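Descriptive analysis of the structure
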Amino acid sequence: QKEVEQDPGPLSVPEGAIVSLNCTYSNSAFQYFMWYRQYSRKGPELLMYTYSSGNKEDGRFTAQVDKSSKYISLFIRDSQPSDSATYLCAGGKGSQGNLIFGKGTKLSVKP
Amino acid sequence: EAGVVQSPRYKIIEKKQPVAFWCNPISGHNTLYWYLQNLGQGPELLIRYENEEAVDDSQLPKDRFSAERLKGVDSTLKIQPAELGDSAVYLCASSLGVSTGELFFGEGSRLTVL
């Protein structure tokens, strides 16, 4: 079992829809969780990060972590065509280890 | 502020040939990473440097891959000889430290081995 599991999609939604992207993880030692966005033929860029269970909001994006069920979510409100990208979730153990990435979910937002 | 710079962006070689990738991290970032990203997969760590020291190279195939980070700034990743299965994107990233997970990635070097 991979440490971080993510449905690769692809996921296609109409503009303005609410998008829900999800990951599960198996390593209880993860201390923080990240969401990276990767446009085609570009490197990943950090979108959101959380260090504890609960929600964190940044504009149209909300990251949610449920450590009891080892579940990570990213919600995108009022999705835009410019949100079309691959979204990578990752878990990290701080100084004891490196980021472990999921496979990524490819999202397409249609105008 | 300049981001992480990688070169070349694209490289096509025949199998058994050598290839090298170069990375210049963000100024002041002590931690440098090389990741491998296969098509449809997330990045997988090859090696992590803290300044000049390789502190995690457990996933680096040392029979054909090598890396160096002279003077704790630029880094080079080399493959010799390349195999068909090495076709992938090689991503370089840097961070201020390893404890936060806030990595800054370059655009990657896309390798095709024929």
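Thresholds applied
Residues numbered from 1 in each chain as written. Chains lettered and ligands numbered in written order. Predicted model: local features only at pLDDT ≥ 70, side-chain atom pairs only at ≥ 80, totals over all residues. Heavy atoms only, no water. Pairing = 2+ DSSP bridges. Helix = DSSP H or I, 4+ residues; strand = E, 2+ residues; numbered from the N terminus. Axes fitted to C-alpha atoms, helices over the stretch in contact; angles between N-to-C directions. Buried < 20%, exposed > 50% of the residue type's maximum accessible area, 1.4 Å probe, protein only. Lys, Arg positive; Asp, Glu negative; His and termini not counted. Salt bridge = Lys/Arg side-chain N within 4 Å of Asp/Glu carboxyl O. Polar contact = N/O pair within 3.5 Å; in protein donor to acceptor, adjacent residues only side chain to side chain. Contact = heavy atoms within 4.5 Å. Core = buried A, V, L, I, M, F, W, Y, C linked by side-chain atoms within 4.5 Å. 1 Å grid on protein atoms, 1.4 Å probe; cavity = no way out; pocket = protein on both sides within 12 Å on 5 of 7 lines; lining within 4 Å. Points joined across faces, edges and corners; volume = space filled by probe spheres on them. Nonpolar A, V, L, I, M, F, W, Y, C, P; charged D, E, K, R; others polar.

**As for the sheet that holds strand 7 (residues 65-68) of chain B**
All names here are of chain B.
- Here we have four strands laid out as an open sheet, ordered 1-3-8-7, and antiparallel in their pairing. The sheet is open, and its two edges are formed by strand 1 (5-7) and strand 7, each paired on a single side. Between one strand and the next, the sheet's axes are offset by a mean angle of 15 degrees, whatever the strand orientation.

**Some points on the side chain of Arg-69 of chain B**
Residues and elements named next belong to chain B.
- Structurally, the position occupied by Arg-69 is in the loop between strand 7 and strand 8 (75-79).
- No salt bridge is formed by the buried Arg-69. Its closest oppositely charged neighbour is Glu-50, at 6.7 Å.
- Among the polar contacts listed, one links the side chain of Arg-69 to the backbone oxygen of His-29, at a separation of 3.2 Å.
- From its side chain, Arg-69 meets the backbone oxygen of Val-73 in a polar contact 2.9 Å long.
- Discounting residues that sit within four places of it in the chain, Arg-69 has contacts with Pro-25, His-29, Asn-30, Thr-31, Leu-32, Tyr-49, Glu-50, Asn-51, Glu-52, Asp-74 and Ser-75.

**Describing the nonpolar core**
- Ranked by size, the top nonpolar core spans 23 residues in total, and within it Trp-35, Leu-74 and Tyr-87 of chain A carry the most contacts.
- Secondary-structure elements contributing two or more residues to this core are strand 3 (19-25), strand 4 (32-38), strand 5 (45-50), strand 7 (61-66), strand 8 (71-76), strand 9 (85-92) and strand 11 (105-110) of chain A.
- Within the second largest apolar cluster, 22 residues are counted, among which are Val-19, Cys-23, Trp-34 and Leu-111 of chain B.

**Brief notes about the layout of surface pockets**
- Estimates place the volume of the largest pocket at around 650 Å³.
- Contributing to the lining of the largest pocket are 30 residues, with Gln-38 of chain A together with Gln-37, Leu-39, Gly-40 and Arg-110 of chain B lying nearest its centre.
- Sorting the residues of the lining of the largest pocket by element identifies strand 9 and strand 11 of chain A together with strand 9 (88-95) and strand 11 (109-113) of chain B as the ones contributing at least two each.
- At four residues, the largest contribution of residues to the lining of the largest pocket is made by strand 11 of chain B.
- Its boundaries defined by the atoms lining it, the second largest pocket holds a volume of some 430 Å³.
- Going through the elements one at a time, strand 10 (100-101) of chain A together with strand 5 (44-50) of chain B are the ones with two or more residues in the lining of the second largest pocket.
- Considering only residue class, the lining of the second largest pocket consists of eight nonpolar, seven polar and six charged.

What is shown is where atoms sit, not what they do.
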